[in-house]
There are 2 protein chains.
Amino acid sequence: MKTIDELGERETIERILGLITPMPSNPLPPWEDASAIALSEGLVAVLKTDMLVWSTDVPPGMRAVDVGWKAVVMNFSDLAAKGVRPQAFLASLALPRGTPIQVVEELIRGMDEAARHYDAYFLGGDTNEGGEIIVSGVAYGVAERGRLMRRSGARPGDMLASTGPFGATAAAFKILLEGLEAPGDLRRRLVEAVYRPKARVMEGVALAESGVVTASIDSSDGLAMSLHDLSKSSGVGFRVERLPLSEEAAEFAELHGLDSWELALYGGEEYELIFTLRPGDVDVVRETLRRVGCDLVEIGVATEDRRLIYVDGGEERPIGRGWEHFKG
Amino acid sequence: MKTIDELGERETIERILGLITPMPSNPLPPWEDASAIALSEGLVAVLKTDMLVWSTDVPPGMRAVDVGWKAVVMNFSDLAAKGVRPQAFLASLALPRGTPIQVVEELIRGMDEAARHYDAYFLGGDTNEGGEIIVSGVAYGVAERGRLMRRSGARPGDMLASTGPFGATAAAFKILLEGLEAPGDLRRRLVEAVYRPKARVMEGVALAESGVVTASIDSSDGLAMSLHDLSKSSGVGFRVERLPLSEEAAEFAELHGLDSWELALYGGEEYELIFTLRPGDVDVVRETLRRVGCDLVEIGVATEDRRLIYVDGGEERPIGRGWEHFKG
């Protein structure tokens, strides 16, 4: 009998989705960042649940208050990718016996702080006994059905863009997990990206309100995997023509002779929004993001040919899927 | 530094609630079965998240399809206790590497089956890598704010009642965990209560619609603990005057010379609703439940004196709190 690590997370999810009775007139189809349920008057409730598992998701040096913060960001980022303003956060906690109450209190403080940072409320949840610390979060928000951004609307010729550059978390994991070094200030800025990630909530809401985004996803599984998911849902390919690498990641790559594309494409735990738009709407989108303090990053173009490639020094290379749960 | 097992779950939760920024005009206060957020026109969205941890929540012989079913029941039961019809279920799964895909598929089938049984839809969720199988569920429904049943409304003199008798799961755990025996048919009926629990969804919705229930809670933490929680929120005591023991549990108690009150009070994982009403409304409530195929079980009375006692053969005895996460 096959195990989930033989199949990988994406095929496991595909099998799961095949077993679920579809909800009629579902506002967001399966294989999306979040789920939605119709309310009255064209409104939808949008829900997301995502779990933070200490043994696999918490790198060395991360404090419990940061873990709580990140549990909120993970869930709010998926609402942001659909253009939904989160109103509430809940969490189910698994806690091993012997956990110091102070660790629990720090987790809670981090969740409350993050929820308030995004103008939402932490409404509590549930505590359970388990073998390791797990924070299973829930994000809730309400949006206009017609304004939801989906993974499925990208068309050939659309511009591919994001709310920020990539690679800082991939570099930080090399510092935290593989022991690579970096000068103090660079190190601090890189690990901050892992310890205190930000969800692009205002950006996502503004993009949805602009009405010109054709498809959107968050980049939590890494740029490469997110492009694969966007490609699958939209039925297009992507050609990444500009290396969207953060300054810090570039400095780190230079320092250690690392492949810049690898850092930008195959990281993860980075919460930018990746989206598409008609090239003619680029000024509208740039101005929309500017108003919430964000620079538009142009990455490439959606193509009829369904391949995913990046162009490095004039040469075309295929984009792999990158890291996947269970596998590797 | 104190650990959570020194404090116990209830004090841990109390500390947690003290750290959370309260949401203004919260439709359901903290220390409730579920959380609520105001929508328009007197409606509220109601959310619950509760986690099923394989190592602590799954007794021997329970199949993955039953585990999926139970994860839904746990969450829907809390909505039912507030009088809310669940519309949707989501789940975050932790799965260890090496988990057979068939186990995952059975979990999903159980969740889909349970959601559909209660006329709701399973909308998917998220998969993660973890050390053991964990199903963190989310229930969602919409209700009229004015119809929500709370833990806090019981008044001295109110009748204490439930949607069913207790003790079957406590007996079943003695069979499954301690190896006690029972004749085939009795054994089957008892373990069925653990493997295939039912949430009192129609009953909870009907009770809320009757408008005469003064306080309500579900009995998932056991009758004794639920009475303590109801007592704390309502500021009343309870006098349990009739032993609410199921026929099967009574037969099992007789067979093994077990204390019937112990079985009824200190079990758990039983999903009845425990509620209070004015004695003059008992006929309305009995008829309300009868219409959804449920018999009202009269248990006792709410008292001004805040003690919790049960009356056994004319003698008053205190009701302890029973089992608690982390402790014991």
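The rules behind these values
All residue numbers here refer to positions counted from 1 along the written sequence of the relevant chain. The lettering of chains begins at A and the numbering of ligands begins at 1, in the order of writing. Where totals are concerned, whole chains, interfaces and linings use all residues; where local detail is concerned, this predicted model gives features only for residues with pLDDT of at least 70, and gives and counts side-chain atom pairs only at 80 or more. Side-chain figures throughout are based on the complete set of non-hydrogen atoms in the structure, without hydrogens or water. Numbering goes from the N terminus for both helices and strands, where a helix is a DSSP run of H or I of at least four residues and a strand is a run of E of at least two. Under the scheme applied here, a residue whose accessible area is under 20% of the maximum for its type counts as buried, over 50% as exposed, and between as partly exposed, the area being computed with a 1.4 Å probe on protein chains only. Residues are treated as being in contact if the distance between any of their heavy atoms lies within 4.5 Å. In this description, accessible areas are obtained by the Shrake-Rupley approach with a 1.4 Å probe, and a residue is regarded as covered only by the protein chains that are shown. Note that His is not counted, nor are the chain ends; the positive residues are Lys and Arg, and the negative ones are Asp and Glu. By convention, charge coordinates are those of NZ in Lys, CZ in Arg, CG in Asp, or CD in Glu. The buried area of a pairing is the accessible area, by a 1.4 Å probe, that goes missing from both parts when the two are put together, added over both. When a carboxyl oxygen of Asp or Glu lies within 4 Å of a side-chain nitrogen of Lys or Arg, that pair is called a salt bridge. In protein, a polar contact requires one atom able to donate a hydrogen and another able to accept it; more generally it is a pair of N or O atoms within 3.5 Å, and residues adjacent in sequence count only if both atoms are side-chain atoms. Any two strands with at least two DSSP bridges between them are considered paired. Helix axes are fitted only over the stretch in contact, all axes being lines through C-alpha atoms; the angle between N-to-C directions runs from 0 to 180 degrees. We superpose the copies by least squares over the C-alpha atoms of residues that have a pLDDT of at least 70 in both of them. Helix span, as expected, comes to 1.5 Å for every residue beyond the first. The domain limits used here are those given by an automatic or database domain assignment. Grouping buried Ala, Val, Leu, Ile, Met, Phe, Trp, Tyr and Cys residues that are joined through side-chain atoms within 4.5 Å yields what is termed a nonpolar core. Centre distance within 6.5 Å is the pairing criterion for rings of Phe, Tyr and Trp, where only the six-membered ring of Trp is used; planes under 30 degrees apart are then read as stacked, over 60 as edge-to-face, and the remainder as tilted. Placement of a charge over a ring requires the Lys NZ or Arg CZ to be within 6 Å of the ring centre, with the centre-to-atom vector within 35 degrees of the ring normal. How sure the predictor is of each residue is captured by pLDDT, a score from 0 to 100.

Novice: I'd love a proper account of the overall build of chain A, names of residues and values included.
Specialist: Helices and strands together make up the secondary structure of chain A, namely 11 helices and 12 strands. If one aligns the C-alpha atoms of chain A with their principal axes, the spans along those axes are about 55 × 55 × 50 Å. In chain A, which comprises 328 residues, the share counted as buried stands at 60%. Considering only intrachain contacts with a sequence separation of at least 6, the fraction spanning at least 24 residues in chain A is 81%. Accessible area of chain A: about 12,300 Å², with a carbon and sulfur share of 47%. When the 35 basic and 52 acidic side-chain charges of chain A are each reduced to a single mean position, those positions are 3 Å apart.

Novice: Outline the interface of chain B and chain A, listing residues and values.
Specialist: Taken residue by residue, the interface counts 73 residues in chain B and 73 residues in chain A. When the two sides are added together, the surface that chain B and chain A hide from each other amounts to roughly 6,200 Å², 66% of it contributed by carbon and sulfur. One can count two salt bridges joining chain B with chain A. Ionic pairing is found between Glu 105 of chain A and Arg 15 of chain B, a salt bridge with its closest N-O pair at 3.4 Å. Taken together, the connections running from chain B to chain A amount to 21 residue pairs in polar contact (both at pLDDT 80 or more). Where the side of chain B that touches chain A is concerned, the elements lending two or more residues are helix H1 (4-7), helix H2 (9-17), strand E1 (35-38), strand E2 (43-53), strand E3 (86-95), helix H5 (101-117), strand E4 (121-129) and strand E5 (134-144) of chain B. By residue number, the principal contributor to the side of chain B that touches chain A is E4 of chain B, which donates nine residues.

Novice: For unusual backbone geometry, give the residues involved together with the corresponding values.
Specialist: Unlike most non-glycine residues, Asp 119 of chain A shows phi in positive territory, near 65°. As for its position among the elements, Asp 119 of chain A is in the loop between helix H4 (101-117) and strand E4 (121-129).

Novice: Summarise the sheet that holds E4 of chain A; cite the residues concerned and give the values.
Specialist: Residues and elements named next belong to chain A. The strand order across the open sheet formed by five strands is E1-E2-E5-E3-E4, and the pairing between neighbours is mixed. Two strands in the sheet have a free side with no partner beyond their single neighbour: strand E1 (35-38) and E4. Shown here is a sheet whose adjacent strand axes are inclined to one another by a mean of 20°, direction ignored. In the sheet, strand E3 (residues 86-95) pairs with E4 via seven bridges, with the strands oriented parallel.

Novice: Could you give an account of the pattern of salt bridges, with specific residues and numbers?
Specialist: All chains considered together, the criterion is met by 69 salt bridges over all chains. Between Arg 290 of chain A and Glu 287 of chain A there is a salt bridge, and its shortest N-O distance comes to 2.9 Å. Note that Arg 290 of chain A and Glu 287 of chain A are positioned in helix H11 (residues 282-291) at a spacing of three residues, about one turn of the helix. Measuring nitrogen to oxygen at the nearest pair gives 3.0 Å for the salt bridge that ties Arg 151 of chain B to Asp 33 of chain B. Note that Arg 151 of chain B is positioned in the loop between E5 and strand E6 (159-162) and Asp 33 of chain B in the loop between H2 and E1, a separation of 118 residues in sequence. Residue classification places Arg 151 of chain B among the buried positions, given a relative accessible area of 10%. Beyond isolated ion pairs, a larger network of salt bridges with shared partners links Asp 185, Arg 188, Arg 189, Glu 248 and Glu 251 of chain A.

Novice: Account for the relation of the copies chain B and chain A, with residues named and values stated.
Specialist: The transformation that overlays chain B on chain A combines an axial shift of 0.0 Å with a rotation of 180°, and the residual RMSD is 0.0 Å. In the structure described here, the two chain copies are related by an operation that fits a two-fold rotation axis. When each C-alpha of chain B is compared by its distance to the rotation axis, Ser 136 of chain B comes out closest, at 3.3 Å. Mapped onto chain A, 100% of the interface residues of chain B again fall at the interface, so both copies present the same surface.

Novice: Could you give an account of helix H1 (residues 4-17) of chain A, naming the residues involved and the relevant values?
Specialist: Taking 1.5 Å per residue, 14 residues should reach 20 Å; H1 of chain A reaches only 15 Å between its end C-alpha atoms and comes up short. The set of residues buried in H1 of chain A consists of Ile 4, Leu 7, Gly 8, Glu 9, Arg 10, Thr 12 and Ile 16 of chain A.

Novice: Which residues make up the domain arrangement of chain A, and what values go with them?
Specialist: Residues and elements named next belong to chain A. Once the domains are mapped, chain A shows domain 1 (4-147) and domain 2 (159-318). Relative placement of domain 1 and domain 2: their C-alpha centres are 22 Å apart. With 28 residues of domain 1 at the interface, the matching set in domain 2 holds 27 residues. Counting each side, the surface lost to burial between domain 1 and domain 2 is near 2,500 Å², with a carbon and sulfur contribution of 54%. Of all residues in domain 1, Arg 10, Trp 31 and Arg 147 give up the largest surface area on contact with domain 2, accounting jointly for 21% of the area buried on that side. Taken together, domain 1 and domain 2 are joined by six salt bridges.

Novice: How would you summarise the nonpolar core if you had to cite specific residues and measurements?
Specialist: When a protein is soluble and globular, its nonpolar side chains tend to lie buried together. Residues Phe 76, Met 111 and Phe 275 of chain A are the most contacted members of the largest nonpolar core, which totals 74 residues. Top contributing element to this core by residue count: helix H3 (residues 64-81) of chain A, with 11 residues. In this structure, this core is formed jointly by two domains, domain 1 (4-147) and domain 2 (159-318) of chain A, each of which donates at least three residues. Those residues within four positions of Phe 275 of chain A in sequence are excluded, and the remaining contacts are Met 159, Leu 160, Ala 161, Ser 162, Thr 163, Leu 207, Val 213, Ala 215, Ser 216, Val 285, Leu 289 and Leu 296 of chain A. Ranked by size, the runner-up nonpolar core spans 73 residues in total, among them Val 46, Val 73, Ala 182 and Phe 275 of chain B.

Novice: How would you sum up the packing of aromatic side chains? Please name residues and give values.
Specialist: Going through the model one piece at a time under the given rule, you end up with 10 aromatic pairs over all chains. Between the aromatic rings of Phe 89 of chain A and Phe 122 of chain A, the centroid separation amounts to 5.7 Å while the plane-to-plane angle is 50°, which identifies the pairing as tilted. Here Phe 89 of chain A, found in strand E3, pairs with Phe 122 of chain A, found in strand E4; they are 33 residues apart in sequence, far enough to count as distant. Across this residue pair, the class does not change: Phe 89 of chain A and Phe 122 of chain A are buried. By way of ring pairs, the aromatic residues Trp 69, Phe 76, Phe 89, Tyr 118 and Phe 122 of chain A are connected into one cluster. Directly above the aromatic system of Trp 31 of chain B lies the positively charged group of Lys 232 of chain B, at a separation of 4.3 Å from the ring centroid.

Novice: An account of the sheet that holds strand E8 (residues 237-240) of chain B is requested, with residue identities and associated values reported.
Specialist: All names here are of chain B. Pairing is mixed across the open sheet formed by seven strands, whose spatial order is E7-E9-E6-E10-E8-E11-E12. Lying at the two open borders of the sheet, with one neighbouring strand each, are strand E7 (213-218) and strand E12 (315-318). This sheet shows a mean twist of 25° between the axes of neighbouring strands, independent of strand direction. Summarising the sheet, E8 and strand E10 (residues 297-303) pair through four bridges and their orientation is antiparallel. Bridge assignment links Arg 239 to a residue of E10, and that residue is Val 301. The strands that helix H4 (residues 64-81) touches are E7 and strand E9 (273-277); relative to E7, the one it contacts most, it runs at about 170°.

Novice: I'd like to hear about the confidence of the model for chain A, residue by residue, with values.
Specialist: Mean pLDDT over chain A works out to 96, with 98% of the residues at or above the 70 mark. Both confidence scores are given for the complex: pTM 0.96, ipTM 0.96.

Novice: I'd like a rundown of the pairing of E6 of chain B, residues and numbers included.
Specialist: All names here are of chain B. Across the two faces of E6 the burial is the same, with Met 159 and Ala 161 and Leu 160 and Ser 162 all buried. Judged from the four bridges that link them, E6 and E9 form a sheet pairing that is antiparallel. Considered in E9, the bridge of Met 159 is made with Leu 277.

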